[in-house]
Amino acid sequence: MLEVIDLKKSYGEIAALRGVNLRVAKGQLLGFLGPNGAGKTTTMRSVFGLVAPDAGEVLWNGRPISDRDRLRFGYMPEERGLYPRMRNSEQVAYFGMLHGLTQAGAHAAAKRWLGEFGLADRSRDRLEELSHGNQQRLQLAAALVHSPELLVLDEPFAGLDPVGVGAMGEILASQAAAGTAVIFSSHQLDLVEDLCDDVVIINEGAVALAGAVRRLRADAPHRHVQVEVHNSTSDWVKQLEDVRIVGRDGDRVTLDVGHGADLGSILAAAQAAGDVVEFSYEPPSLNEVFLDAVSQ
Ligand code: ATP
């Protein structure tokens, strides 16, 4: 298990991390979210010793992380760190050897991963000859080549087309299912909502919200009710208390209501006004939960 405990880091006047806490267990796929500049990259870099924190701890299986532990980690950094002129299979194999694989083992693993990502026929090409999406795949192959126990990915979905996003999502999910601890940052919250059971949302260097996506959505202070009333004789919404209209499309309104809202009275008001053809009640999306969390 990876544990980041009360991590703090300042760059001069800028407090990049003001006390970040998170845990990723083996087999868990954790979404690490936050607005631009929140501190996600700084946190991830500290796992690899690329940032020296001012305070706090980063532990793997309960102990400070050693160089030996890091051989068992895979990292896909935001500024993709591959060599443009190296041949693709050699590049992936090279990363395997850096992580302790033998030359033969590294080449075999590189071949396997290039095949897995549909890049077998590009293995003798150079990175600079690949499209952006294929460069992303190669970067992921380089992070996976040594079968890491912990996989840390900084915005792995950035710039991918929908097919690439789907493929990347499947790879991350299958890595977690095979027992790897996986943490990735992303600004694509609908995707995170589909992929992850758990998220950590940071804002201005500190955790704003963390937990199971399902619970965070259910516990959100606001939620939306959609009501469609045909043949309405009045603007029935106006008489309701403690609701806010957030959308209106003909006879259909979307209301923002508080957590403890009396849905019965909303339905009764709608029924009194006309024919109710839709009454649905949904917790907010992860996107709305995120916006609430980072705007406080
Ligand atoms: P994004 O979503 O835009 O990638 P992020 O959440 O990854 O953002 P970080 O890159 O960790 O955010 O940056 C956190 C803060 O620390 C920002 O204010 C950034 O400008 C600052 N920062 C990060 N690295 C350095 C550095 N080497 N020197 C000075 N300031 C830095």
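Here the structure is a predicted model, which is why all the values come from computation and not from measurement. (Residues numbered from 1 in each chain as written. Predicted model: local features only at pLDDT ≥ 70, side-chain atom pairs only at ≥ 80, totals over all residues. Heavy atoms only, no water.)

Caption draft 1: Representation of the sheet that holds strand E1 (residues 2–11) in the model. Taken in spatial order, the four strands line up as E2-E1-E4-E5 in an open sheet, and their pairing is antiparallel. A strand with exactly one partner marks an edge of an open sheet, and here the two such strands are strand E2 (14–24) and strand E5 (63–64). Here E1 runs beside E2; their pairing, made up of eight bridges, is antiparallel. Looking at the pairing, Ser10 lines up with Ala15 of E2. (Pairing = 2+ DSSP bridges. Helix = DSSP H or I, 4+ residues; strand = E, 2+ residues; numbered from the N terminus.)

Caption draft 2: Just the sheet that holds strand E11 (residues 222–230), in detail. Across the sheet, four strands lie side by side as E12-E13-E11-E14; this open sheet has antiparallel pairing. Among the strands making up the open sheet, the edge pair consists of strand E12 (243–249) and strand E14 (275–282). Across the sheet, the mean angle from the axis of one strand to that of its neighbour is 20 degrees, orientation sign disregarded. As judged from the seven bridges shared by E11 and E14, these two strands associate in the antiparallel manner. Looking at E14, one finds that Val227 is bridged to Phe279. Sitting on the sheet, helix H9 (residues 263–273) touches E11, E12, strand E13 (252–258) and E14, and the angle it makes with E14 is about 160 degrees. (Axes fitted to C-alpha atoms, helices over the stretch in contact; angles between N-to-C directions. Contact = heavy atoms within 4.5 Å.)

Caption draft 3: Up close: a nonpolar patch on the surface. On the surface, a nonpolar cluster with roughly 280 Å² of combined accessible area is contributed by Tyr83, Tyr94 and Leu98. Along the chain, Tyr83 falls in the loop between strand E6 (73–76) and helix H3 (88–98). (Patch = residues over 30% accessible without salt bridge, like charges linked within 9 Å, V, L, I, M, F, W, Y side chains within 5 Å. Areas by Shrake-Rupley, 256 points an atom, 1.4 Å probe, with all protein chains shown as cover. Salt bridge = Lys/Arg side-chain N within 4 Å of Asp/Glu carboxyl O.)

Caption draft 4: Looking closely at the side chain of Glu3. Assignment of secondary structure puts Glu3 in strand E1. Classification of Glu3 as buried rests on a relative accessible area of 15%. Looking at Glu3, its side chain comes within polar contact range of the side chain of Arg23, at 3.3 Å. Apart from residues lying up to four places away in sequence, Glu3 is in contact with Leu22, Arg23, Glu57, Val58, Leu59 and Gly62. (Buried < 20%, exposed > 50% of the residue type's maximum accessible area, 1.4 Å probe, protein only. Polar contact = N/O pair within 3.5 Å; in protein donor to acceptor, adjacent residues only side chain to side chain.)

Caption draft 5: Looking closely at the site of the ligand. Around the ligand, the surrounding shell holds 14 residues, and the nearest of these are Asn36, Gly37, Lys40, Thr41 and Thr42. In this structure, Thr42 approaches the ligand through a side-chain N or O atom, which is 2.6 Å from an oxygen atom. The separation between an oxygen atom of the ligand and a polar side-chain atom of Glu78 is 3.1 Å. Among the secondary structure elements, those contributing two or more residues to the shell around the ligand are E2 and helix H1 (40–47). Here the shell around the ligand gets three residues from one element, more than from any other, and that element is H1. Of the residues assigned to the shell around the ligand, the class counts are five nonpolar, six polar and three charged. (Near = heavy atom within 4 Å. Nonpolar A, V, L, I, M, F, W, Y, C, P; charged D, E, K, R; others polar.)

Caption draft 6: Up close: the pattern of salt bridges. Throughout the structure, instances matching the rule amount to 15 salt bridges. Close ionic contact of Arg45 with Glu79 constitutes a salt bridge, the shortest N to O distance being 3.7 Å. Of the two residues, Arg45 is situated in helix H1 and Glu79 in the loop between E6 and H3; the sequence distance between them amounts to 34 residues. Judged by its relative accessible area of 46%, Glu79 falls in the partly exposed class.

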